[in-house]
Amino acid sequence: MLLQRVITAVLLLAILLPALFASNPLWFALLTLVMIGAAGWEWSRLNGKPGAFAVGFGLALAAVCALTLYTLGFAVPAWCWWLAGGVWVLGGVRALAAGVVGWPKLSPTLRLALGAVLLWAAWLALVVAKQRGINFLLSAMCLVWMADIAAYFSGKAFGRRKLAPAISPGKSWEGAIGGLIGVIALGFVWVHVIDARVAVDSASMYTVLVQRLGVVAVLALIFLSAMSVVGDLFESLVKRAAGAKDSSQLLPGHGGVLDRVDALLPVLPLALALTSL
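Scope of this entry: the structure provided in the associated data block.

### Considering the overall build of the protein chain
Step number 1: The helix and strand inventory of the protein chain stands at eleven helices and two strands.
Step number 2: Tracing the protein chain from N to C terminus, the helices and strands come up as α-α-α-α-α-α-β-β-α-α-α-α-α.
Step number 3: For 277 residues, the compact-globule formula gives about 19 Å, and the C-alpha radius of gyration of the protein chain, at 18 Å, lands near that figure.
Step number 4: Each principal axis of the C-alpha atoms in the protein chain carries an extent, and together these give about 50 × 50 × 40 Å.

Rendered as structure tokens:
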């Protein structure tokens, strides 16, 4: 299993890195368009619509994403990010409160529509963040990774109180707090070391937040870290409701696309919303 995970990770990096560093942002957009189509296929399967319908759903989602980029280019109005963020804050928290038994009570049409909107917004935020600069994009993505890694080790060392035992038994409040501390530390290092001393192509998300919000940027980072947990728990809830361990087996050793990007789904649109203030 470990070897399989490593091989998959190496192959993904070999595909993603050239597109990420390509001078033409369309290469990155096209590659991630394939990934968002695959995520749409997974979402349809998890919500009771497998087979040909799921394939069509994924293709339709990719087509809508491509049409949006063709129509708007990279000049996406800020209200799009606030709208997506509002859906996550209100809808995501409400879904978690309803729990695993509450999710299937929603109509399949509503669940599919909600997934399409969230995936559309996340992909659009991804390509717009890349357009702003690689440093900006990576800083936003690293927030999610730091929150996850710090939460894992903090939970292992100090975890006592379960965060959401019915959805994700491994998560604890102590882990979540450790993730918040890790994110704040990462932001400090990124602003005062990476952005200040390294020749980067753009300001990071952390520097932009400090420039726009001052000391309130700390609260913004805490909020983004908390929403990364919401994204993770939300996908776990959907999988548990469907009786699935992974969103799919598209990425051997890693599960599916949704399993890899779940925490990024709310964070990317919200990062663009907050940096638009």
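### Description of a nonpolar patch on the surface
Step number 1: On the surface, Ile184, Val215, Val216, Val218, Leu219 and Ile222 cluster together into a nonpolar patch covering about 500 Å² of accessible area.
Step number 2: Here the element with the most residues in the nonpolar patch is helix α9 (residues 217-242); it accounts for three residues.
Step number 3: Within the secondary structure, Val215 sits in the loop between α8 (205-213) and α9.

### A closer look at empty space enclosed by the protein
Step number 1: Summed over all chains, the structure comprises two cavities of 30 Å³ or more.
Step number 2: Its boundaries defined by the atoms lining it, the largest cavity holds a volume of some 70 Å³.
Step number 3: Lining the largest cavity we find Trp43, Trp88, Gly115, Leu118, Leu119, Phe234, Glu235, Leu258 and Leu265.
Step number 4: The dominant element in the lining of the largest cavity, judged by the number of residues it contributes, is helix α5 (residues 108-132), at three residues.
Step number 5: When the residues that make up the lining of the largest cavity are grouped by side-chain class, the tally is seven nonpolar, one polar and one charged.
Step number 6: Here the second largest cavity is characterised by a volume of approximately 40 Å³.
Step number 7: Secondary-structure elements contributing two or more residues to the lining of the second largest cavity are α4 (78-102) and α5.
Step number 8: Grouping the amino acids of the lining of the second largest cavity by side-chain chemistry returns six nonpolar, two polar and no charged.

### Topic: the nonpolar core
Step number 1: Among the nonpolar cores identified, the biggest contains 76 residues, and Trp43, Trp123, Leu143 and Met205 are the most heavily contacted of them.
Step number 2: Per-element accounting of this core gives the leading share, eleven residues, to α5.
Step number 3: In this view, Met205 contacts Phe136, Ser139, Ala140, Leu143, Leu221, Leu224, Ala271 and Thr275; residues no more than four positions away in its chain are not counted.

### Observations concerning the packing of helix α6 (residues 134-158) against α8
Step number 1: The interhelical angle for the contact between α6 and α8, taken along N-to-C directions, is 95 degrees, at an axis separation of 7 Å. The angle between α6 and α8 falls in the class roughly perpendicular. Across the interface between the two elements, Phe136, Ser139, Ala140, Cys142 and Leu143 of α6 pack against Met205, Tyr206 and Val208 of α8.
Step number 2: Class assignment for the residues of the contact of α6 with α8 results in seven nonpolar, one polar and no charged.

### Thoughts on the layout of surface pockets
Step number 1: Estimates place the volume of the second largest pocket at around 260 Å³.
Step number 2: Surrounding the second largest pocket, Gly91, Arg94, Ala95, Ala98, Gly102, Trp103, Leu106, Leu110, Ala113, Leu114 and Val117 form its lining.
Step number 3: For the lining of the second largest pocket, the elements supplying multiple residues, two or more each, are α4 and α5.
Step number 4: When residues in the lining of the second largest pocket are grouped by element, the largest group, five residues, is from α4.

### Details of the packing of helix α7 (residues 173-197) against α8
Step number 1: With their axes 8 Å apart at the nearest point, α7 and α8 run at an angle of 95 degrees to one another. If you check the angle between α7 and α8, you find them roughly perpendicular. When α7 is examined against α8, the residues Leu186, Gly187, Trp190, Val191 and Asp195 are found in contact with a partner set consisting of Tyr206, Thr207 and Val210.
Step number 2: Along the lines of polarity and charge, the residues of the contact of α7 with α8 split into five nonpolar, two polar and one charged.

### Concerning the side chain of Glu235
Step number 1: By the secondary structure assignment, Glu235 is in helix α9.
Step number 2: Take Glu235: its relative accessible area is 5%, and that puts it in the buried class.
Step number 3: Discounting chain neighbours no more than four positions away, the residues touching Glu235 are Ser247, Leu258, Asp259 and Asp262.

### Observations regarding the packing of aromatic side chains
Step number 1: Tallied over the entire structure, the rule returns six aromatic pairs.
Step number 2: Measuring from centroid to centroid gives 6.0 Å for Trp43 and Trp103, while their planes differ by 75 degrees, and the two rings are edge-to-face. Taken together, the positions of Trp43 in helix α2 (residues 25-46) and Trp103 in the loop between α4 and α5 put the pair 60 residues apart, joining distant regions of the chain.
Step number 3: Between the aromatic rings of Trp103 and Phe234, the centroid separation amounts to 5.3 Å while the plane-to-plane angle is 90 degrees, which identifies the pairing as edge-to-face. With Trp103 in the loop between α4 and α5 and Phe234 in helix α9, the pair connects residues that are 131 residues apart, well separated along the chain.

Cut-offs used in this document
Residues numbered from 1 in each chain as written. Predicted model: local features only at pLDDT ≥ 70, side-chain atom pairs only at ≥ 80, totals over all residues. Heavy atoms only, no water. Helix = DSSP H or I, 4+ residues; strand = E, 2+ residues; numbered from the N terminus. Rg over C-alpha atoms; globule rule 2.2 N^0.38 Å. Patch = residues over 30% accessible without salt bridge, like charges linked within 9 Å, V, L, I, M, F, W, Y side chains within 5 Å. Areas by Shrake-Rupley, 256 points an atom, 1.4 Å probe, with all protein chains shown as cover. Salt bridge = Lys/Arg side-chain N within 4 Å of Asp/Glu carboxyl O. 1 Å grid on protein atoms, 1.4 Å probe; cavity = no way out; pocket = protein on both sides within 12 Å on 5 of 7 lines; lining within 4 Å. Points joined across faces, edges and corners; volume = space filled by probe spheres on them. Nonpolar A, V, L, I, M, F, W, Y, C, P; charged D, E, K, R; others polar. Core = buried A, V, L, I, M, F, W, Y, C linked by side-chain atoms within 4.5 Å. Buried < 20%, exposed > 50% of the residue type's maximum accessible area, 1.4 Å probe, protein only. Contact = heavy atoms within 4.5 Å. Axes fitted to C-alpha atoms, helices over the stretch in contact; angles between N-to-C directions. Parallel < 35°, antiparallel > 145°, perpendicular 65-115°, else oblique. Phe/Tyr/Trp six-rings, centres within 6.5 Å; stacked < 30°, edge-to-face > 60°.

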